[in-house]
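Reading the structure
Here is how the chains run, residue by residue.
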Amino acid sequence: MKYNGSVGLPRTPKASQNVSWTQNKWEIKTTGEDIQDKTDKICKMLDDFAKQVMEKPEESLWCFNYTSGYHSVPHDFFTNYPASAEYQNKRAADHIANLNGPTGVIVMDFAGIPNGDKRTKRAPAGKKYNVNGDLLLNAVIDHNFIKF
């Protein structure tokens, strides 16, 4: 990826620099250990990117951090994506509250959708998920545009 002067990077990076970081563990097994591994990867990317930007702003880069994902067994859209968003979006928002630096680009499922929204009630047996889409989106906006 070559930076072309678009909005997003404060300065043009040197040709030798890595200008893009991505965390995208998208398949999450249903075990607690694997779900926590995804959370740990999200938080580590947030921490590493914030540290890089605060310590070396002249070497700022793009960071894409995916909170989105699905539980692989069984693979059912109406269960897996909302269940993953319910867990990961809340934890990412909580982590951002204590972050010392910008977040980068956060790619999330159900962005901006509030808990209790009718789009989260399609799951089998009428289960409603609290996807925390508005919580995470507001945390990113507040953090990047108010704090930094």
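Going by the structure above, here's the rest.
Since this is a predicted model, take the numbers as computed values, not measurements. (Residues numbered from 1 in each chain as written. Predicted model: local features only at pLDDT ≥ 70, side-chain atom pairs only at ≥ 80, totals over all residues. Heavy atoms only, no water.)

Looking at the sheet that holds strand 3 (residues 62-66)
The condition is simple: Each pair of strands is called paired provided DSSP finds at least two bridges between the two strands. Segments assigned H or I by DSSP are reported as helices when at least four residues long, segments assigned E as strands when at least two residues long, and all are numbered from the N terminus. For helices, the fitted line uses only the C-alpha atoms of the stretch in contact; every axis is such a line through C-alpha atoms, and the angle between N-to-C directions lies from 0 to 180 degrees.
Read from one edge to the other, the open sheet built from 3 strands follows the order 1-3-5, with strand pairing classed as parallel. Each edge of the sheet is formed by a strand with only one pairing partner; in this case those strands are strand 1 (20-23) and strand 5 (105-107). Taken pair by pair, the neighbouring strands of this sheet meet at an average axis angle of 15°, ignoring direction. With 4 bridges joining them, strand 1 and strand 3 adopt parallel strand pairing. Bridging from a neighbouring strand, Gln23 pairs with Asn65 of strand 3.

A few points about the pattern of salt bridges
What counts is decided by this rule: Think of a salt bridge as a Lys or Arg side-chain nitrogen and an Asp or Glu carboxyl oxygen that are within 4 Å of each other.
Considering all chains together, one arrives at 4 salt bridges under this definition. In this structure, Asp37 engages Lys41 in a salt bridge whose closest nitrogen and oxygen atoms are separated by 3.4 Å. Here Asp37 pairs with Lys41, and both are found in helix 1 (residues 32-55), just 4 residues apart, close to one helical turn. Here Asp94 makes a salt bridge to Lys90, at a shortest N to O gap of 2.9 Å. With Asp94 and Lys90 both in helix 2 (residues 77-96), this residue pair falls 4 residues apart, about one helical turn.

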